[in-house]
There are 2 protein chains.
Amino acid sequence: MAEPATATQAAAPVVALLKDELDIVIPTIRNLDFLEMWRPFFQPYHLIIVQDGDPSKTIKVPEGFDYELYNRNDINRILGPKASCISFKDSACRCFGYMVSKKKYIFTIDDDCFVAKDPSGKAINALEQHIKNLLSPSTPFFFNTLYDPFREGANFVRGYPFSLREGVPTAASHGLWLNIPDYDAPTQLVKPLERNTRYVDVVLTIPKGTLFPMCGMNLAFNRELIGPAMYFGLMGDGQPIGRYDDMWAGWCTKVICDHLGLGVKTGLPYIFHSKASNPFVNLRKEYKGIYWQEEIIPFFQQAVLPKDCTTVQKCYIELAKQVKEKLSKVDPYFDNQADAMVTWIEAWDELNPTGPVPNGKAA
Amino acid sequence: MAEPATATQAAAPVVALLKDELDIVIPTIRNLDFLEMWRPFFQPYHLIIVQDGDPSKTIKVPEGFDYELYNRNDINRILGPKASCISFKDSACRCFGYMVSKKKYIFTIDDDCFVAKDPSGKAINALEQHIKNLLSPSTPFFFNTLYDPFREGANFVRGYPFSLREGVPTAASHGLWLNIPDYDAPTQLVKPLERNTRYVDVVLTIPKGTLFPMCGMNLAFNRELIGPAMYFGLMGDGQPIGRYDDMWAGWCTKVICDHLGLGVKTGLPYIFHSKASNPFVNLRKEYKGIYWQEEIIPFFQQAVLPKDCTTVQKCYIELAKQVKEKLSKVDPYFDNQADAMVTWIEAWDELNPTGPVPNGKAA
């Protein structure tokens, strides 16, 4: 597990599940050579590439991939003044891809993530595992000690209420990372050589009422069920904070999933994360988040959404209101963040005019 | 993983952690030949054997083990009228062993559980893993996506609040089972050949507010922190229900741990569970529990303990009161169960006269 799989190992025949129902969203500032390794798994799918940074730069995409690419000029042209809600010079820009997609499912991955190997040495088709996670129900109301009861060879154990065994629809699947773990800057600085070598063969539902640190590096979700909550916030250029984009989306998503009775899974699949980002740069981006989160997380833990919030959009607008009311005193930044959350929903609805999605079912 | 380890495989040199601070409690109706296989791991420890069924029968214990054995006559003699709270002809009787122990930690195991092997073929010292789980903190307030951050090679991930990284004391460690999984009778009947062969290399804290089905087959706990909540209830002989002893203890324990700020871990270690019990017999014992749990579990999910419940005993007496108030309408059985819960605490305090344990610290 200390090395990624080779392209040959990854070249097993692949059944492209949900081929016409899933987009792969990749934020990047460089040529996408990393796709070579993913070719056998990703080539059947459509890619949405969100180019961050200098829009005059050309991003090279390996031949044979079906993709659309948006740079900052495209984002500004498509969203007009509402483009202000899409971050610049931060991977938060990826959420623009969620908005322009027309597919039911999204898989998003960072361009420094490679194919990992399972303990038998087999290349892991991360996308296939995410799809399995998303297509099987979640169990947020009671913990199953043998983990995801919908995996092959698993089941509900003695004492699991039969009325809860149908589960609920799964909105998001959060995958993990071998090699370089997703650490904050202080931990990177203190443990620069720590590598994640433990392959844990598990998928589990994060229980209702429990928040988690959602990482955007290797993440899939059902856009119809939860898409409008997957806003990665104001980060990077012109903002006092970075590297909290996925955390923000994770807190909002989990609160809304809990309210709407949707599930979030974490665990498999692993990707191989090749390169730790610079801890000094990260510290500068993160340090405000590190103390703000001490107040933000309790805020989200206590957030209650009223019963009439029956769509993701309504839930999200309500959360924006509560952010403005309760977090603006932490820093004026949250005032802007709350406004951007509203703009995001307006832009989402403009690009996705079929109307709001009541509790996961098309209106 | 399809076979238990052999005695030779288990015979690696063992460091007897907490040797003078831990008792192993075994409920049984037969000769304890299964101890031969556990000898290298268990022999340094003191055993408390709770003999169920006919007290005139002699239970043979392999030579070289240090043990005390209690049969029904002993229980009646020691507890007098309060012996009514200790079940007969059900493994619930094991909790008598928790009460007479004078040690800080308890490990309890069924006599059809053998030494399992990890994926490398190495015999698993289940007790050692339980001790590691109990001696390291739990993290019930926020989910860590790399699981127990206190395991070697693991850590808190980006976005985990620093104020929560100290964790809380761990009260219980719930281990799992390879081979025969812990299924209810209906699942046993429907899937008679299903075996658990998936070794999941994980320990995790069950989040605050989440209940789980606690199995008594392979369980360890800190008796000083949570002992009085580990009552296995009225089951078996003369009762309308069986096989819900550990479930009952698990619901009560988790509610009280959540209230007192203590942690419960599940996952490693595995034992090898050799033989499924008869599903027809199990169905007769369980069937009331299967529908009662549909009301019991919501009751425990909603149970709130007042702030002045600062000891396990106070919490438990309060829970008994709520059981009487709210579950007696489900069945008159719960009226008796509530009374037995009070008797249990009275008997506990009689045998453990050092006084109640305020939030885990000796008074």
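Residues numbered from 1 in each chain as written. Chains lettered and ligands numbered in written order. Predicted model: local features only at pLDDT ≥ 70, side-chain atom pairs only at ≥ 80, totals over all residues. Heavy atoms only, no water.

- Per an unreviewed UniProt entry, chain A goes by the name UDP-arabinopyranose mutase and belongs to Gossypium hirsutum.
- Per UniProt, the comment on chain A under Catalytic activity (unreviewed entry) is "UDP-beta-L-arabinofuranose = UDP-beta-L-arabinopyranose".
- According to the UniProt record, the Function (unreviewed entry) comment for chain A is "Probable UDP-L-arabinose mutase involved in the biosynthesis of cell wall non-cellulosic polysaccharides." (UniProt positions renumbered as here; feature names shortened; annotations may be inferred.)

### Structural notes on the overall build of chain A
Next, step 1: Helices and strands together make up the secondary structure of chain A, namely ten helices and nine strands.
Next, step 2: For 363 residues, the compact-globule formula gives about 21 Å, and the C-alpha radius of gyration of chain A, at 20 Å, lands near that figure.
Next, step 3: Along the three orthogonal principal directions, the C-alpha set of chain A runs to about 55 × 50 × 45 Å.
Next, step 4: A sequence separation of at least 24 residues applies to 76% of the contacts in chain A between residues at least 6 apart. (Helix = DSSP H or I, 4+ residues; strand = E, 2+ residues; numbered from the N terminus. Rg over C-alpha atoms; globule rule 2.2 N^0.38 Å. Contact = heavy atoms within 4.5 Å.)

### Some points on the relation of the copies chain B and chain A
Next, step 1: Rotating chain B by 180° about the axis while translating it 0.0 Å along that axis superimposes it on chain A, leaving an RMSD of 0.0 Å. Look at the turn and shift together and you get a two-fold axis relating the two. Every residue of chain B has its C-alpha some distance from the rotation axis, and the shortest such distance is that of Val200 of chain B, at 3.0 Å.
Next, step 2: A share of 100% of the interface residues of chain B reappears at the interface of chain A, consistent with the copies meeting face to face through the same patch. (Least-squares fit on C-alpha atoms with pLDDT ≥ 70 in both.)

### Considering the nonpolar core
Among soluble globular proteins, nonpolar side chains are generally buried collectively.
Next, step 1: In this structure, Trp248 of chain A together with Trp248 of chain B are the most contacted members of the largest nonpolar core, which totals 251 residues.
Next, step 2: The element best represented in this core is helix 10 (residues 333–351) of chain A, accounting for ten residues.
Next, step 3: If sequence neighbours within four positions are ignored, Trp248 of chain A has contacts with Tyr231, Ile296, Phe300, Tyr316, Val323, Leu327, Phe334, Gln337 and Met341 of chain A. (Core = buried A, V, L, I, M, F, W, Y, C linked by side-chain atoms within 4.5 Å. Buried < 20%, exposed > 50% of the residue type's maximum accessible area, 1.4 Å probe, protein only.)

### Thoughts on the side chain of Glu194 of chain A
Next, step 1: Locating Glu194 of chain A in the fold gives a position in the loop between helix 5 (185–190) and strand 7 (203–205).
Next, step 2: Here the side chain of Glu194 of chain A touches Asn155 of chain B through a polar contact of 3.3 Å, side chain to side chain.
Next, step 3: Setting aside residues up to four positions removed in sequence, Glu194 of chain A forms contacts with Asn179, Pro181 and Tyr183 of chain A together with Gly153, Ala154 and Asn155 of chain B. (Polar contact = N/O pair within 3.5 Å; in protein donor to acceptor, adjacent residues only side chain to side chain.)

### Things to note about the UniProt feature "glycosylation site" (unreviewed entry) in chain A
Residue and element names in this part refer to chain A.
Next, step 1: The positions UniProt marks with the feature "glycosylation site" (unreviewed entry) are Arg158.
Next, step 2: For Arg158, the position within the fold is in the loop between helix 4 (126–135) and strand 6 (170–179).
Next, step 3: Of the residues examined, Arg158 reaches a relative accessible area of 5% and is grouped as buried.

### Re empty space enclosed by the protein
Next, step 1: In total, this model carries nine cavities of 30 Å³ or more according to the counting rule given.
Next, step 2: Within this model, the largest cavity holds a volume of roughly 100 Å³.
Next, step 3: If you trace the largest cavity, you find 13 residues lining it, with Arg198 and Val200 of chain A together with Leu146, Tyr147 and Ala154 of chain B closest to the centre.
Next, step 4: Taken together, the residues of the lining of the largest cavity sort by class into seven nonpolar, two polar and four charged. (1 Å grid on protein atoms, 1.4 Å probe; cavity = no way out; pocket = protein on both sides within 12 Å on 5 of 7 lines; lining within 4 Å. Points joined across faces, edges and corners; volume = space filled by probe spheres on them. Nonpolar A, V, L, I, M, F, W, Y, C, P; charged D, E, K, R; others polar.)

### Comments concerning the UniProt feature "site: Required for activity" (unreviewed entry) in chain A
Next, step 1: Per the UniProt record, "site: Required for activity" (unreviewed entry) is found at Arg158 and Arg165 of chain A.
Next, step 2: Sequence-distant contacts of Arg158 of chain A, defined by excluding residues within four places in its chain, comprise Asp182, Tyr183, Asp184, Pro213, Cys215, Arg243, Asp246, Met247 and Glu286 of chain B.
Next, step 3: If we ignore the near neighbours within four places in the chain, the residues touching Arg165 of chain A are Phe150, Phe156, Val157 and Tyr160 of chain A together with Asp184 and Thr187 of chain B.

### Brief notes about helix 10 of chain A
Given 3.6 residues per turn, any residue in an α-helix points the same way as the ones three and four places further on.
Residues and elements named next belong to chain A.
Next, step 1: Across its 19 residues, helix 10 extends 27 Å between first and last C-alpha, which sits within 8% of the 27 Å expected from 1.5 Å per residue.
Next, step 2: If you check which residues of helix 10 are buried, you get Tyr333, Phe334, Gln337, Ala338, Ala340, Met341, Thr343, Trp344, Ile345, Ala347, Trp348 and Leu351.
Next, step 3: Buried positions along helix 10 lie against helix 2 (72–79), helix 3 (95–100), helix 6 (223–226), helix 7 (245–260), helix 8 (279–302) and helix 9 (312–327). (Expected span 1.5 Å × (residues − 1).)

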